[in-house]
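Each chain is listed here by its residues.
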Amino acid sequence: MRFLHKKTPPRGLRNGAVLTVATLAAGPALGAIEACDRVTHISHGGVADHVDMGAGKVMWTEWWSPEGVYKTVWLADCRTGIALDLRTHEERITERYVRDKTELVRAKITRQAEASPAFFTIDRVAGLIRRDGRDLHIQQYAEEFCACDAAYPNLQGDKTPYEVPS
């Protein structure tokens, strides 16, 4: 089992459940970013809707649905390994409710990428979408993301290469 990325579990998950997105299906060896879409926890969670945003950046949505529901939108800079994640929907995970703004956030990121590619940065996007969700995080990852390997294989740099699960 190879992990797509490692992250601390979402705050407030009941019973201390730990969520780590694992890749369990064939990855980008097929040559298309869509090959990164997968169910990572049988019928309960996964990653989907991977998009090459241009300028070395990729976007996808992480989802979870047993006993509670959440969606998190991710935007990663494949060159640096810096990624932004924002909880855009949440029900029955914590005591709060986050109305589903996943499509709104994805549309804002897409418009930003198309409108000003030269100024399309993680920090600018964070400022644009911060109020559309909860728990915005920006951090640098040492491992290459599946979508980066598929869309920008030459931007791996010093990051641990993404490996297609066997």
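First things first, this report covers the structure right here in the doc. (Residues numbered from 1 in each chain as written. Predicted model: local features only at pLDDT ≥ 70, side-chain atom pairs only at ≥ 80, totals over all residues. Heavy atoms only, no water.)

1. Comments concerning the pairing of strand β6 (residues 69-77)
Inference 1: Most of β6 is tucked away: 8 of the 9 residues are buried.
Inference 2: For strand β5 (residues 57-64) and β6, the ladder comprises 8 bridges, and the chain directions are antiparallel. Along β6, the bridge assignment pairs V58 with A76.
Inference 3: Linking β5 to β6, which pair antiparallel, is a turn of 4 residues; within it E67 sits at a positive phi near 60 degrees.
Inference 4: Across 8 bridges, β6 lies against strand β7 (residues 82-91) in antiparallel orientation. Paired with A76 across the bridge in β7 is A83. (Buried < 20%, exposed > 50% of the residue type's maximum accessible area, 1.4 Å probe, protein only. Helix = DSSP H or I, 4+ residues; strand = E, 2+ residues; numbered from the N terminus. Pairing = 2+ DSSP bridges.)

2. Let's talk about the pairing of β7
Inference 1: Along β7, 8 of the 10 residues are buried, which leaves the element largely enclosed by surrounding structure.
Inference 2: Where β6 folds back onto β7 in an antiparallel hairpin, the turn is made up of 4 residues, including G81, whose phi is positive at roughly 85 degrees.
Inference 3: Looking at chain direction, β7 and strand β8 (residues 134-140) are connected through 5 bridges and run antiparallel. Looking at β8, one finds that A83 is bridged to Q139.

3. Observations regarding the packing of aromatic side chains
Inference 1: Within this structure, the stated rule accounts for 5 aromatic pairs.
Inference 2: Ring geometry for W60 and W74: centres 5.6 Å apart, planes at 5 degrees, overall stacked. Within this pair, whereas W60 is found in strand β5, its partner W74 is found in strand β6, the two being separated by 14 residues in sequence.
Inference 3: The exposure class assigned to W60 is buried, which follows from its relative accessible area of 1%.
Inference 4: One aromatic cluster is present, built from ring pairs that chain together W60, W74, Y141 and F145.
Inference 5: We note R87 situated over the ring of Y70; from NZ or CZ to the ring centre the distance is 3.9 Å. (Phe/Tyr/Trp six-rings, centres within 6.5 Å; stacked < 30°, edge-to-face > 60°. Lys NZ or Arg CZ within 6 Å of the ring centre and 35° of its normal.)

4. Here we look at helix α2 (residues 122-129)
Inference 1: Those residues of α2 not exposed but buried are I122, V125, A126 and I129. For α2, the buried positions fall inside an angular range of 105 degrees around the axis, keeping them on one side. Structural note: α2 exposes D123 and G127 on the side pointing more than 90 degrees away from its buried face.
Inference 2: For α2, the elements touching its buried residues are β6, β7, α1 (102-115) and β8. (Arc of directions from axis to C-beta. Contact = heavy atoms within 4.5 Å.)

5. Comments concerning the nonpolar core
Inference 1: In terms of nonpolar packing, the biggest core is built from 18 residues, with V58, W60, A76, C78, A83 and F145 touching the most fellow members.
Inference 2: Going through the elements one at a time, β5, β6 and α3 (146-151) are the ones with two or more residues in this core.
Inference 3: The contact partners of W60, leaving out residues within four places of it in the chain, are V47, A48, D49, H50, T72, V73, W74, A76, R106, F145 and A147.
Inference 4: If you look at the next biggest cluster of nonpolar residues, it comprises 15 residues, including M59, V73, L86 and V105. (Core = buried A, V, L, I, M, F, W, Y, C linked by side-chain atoms within 4.5 Å.)

6. Concerning the pattern of salt bridges
Inference 1: One pass over the full model with this rule turns up 7 salt bridges.
Inference 2: Here K57 makes a salt bridge to D77, at a shortest N to O gap of 3.8 Å. With K57 in strand β5 and D77 in strand β6, the pair connects residues that are 20 residues apart, well separated along the chain.
Inference 3: Classification of D77 by relative accessible area gives buried; the value is 13%.
Inference 4: Put simply, R96 and D135 hold a salt bridge, and the shortest N to O gap is 2.4 Å. Here R96, found in the loop between β7 and α1, pairs with D135, found in strand β8; they are 39 residues apart in sequence, far enough to count as distant.
Inference 5: Where salt bridges share partners, they join R87, E90, R96 and D135 into one cluster. (Salt bridge = Lys/Arg side-chain N within 4 Å of Asp/Glu carboxyl O.)

What is shown is where atoms sit, not what they do.
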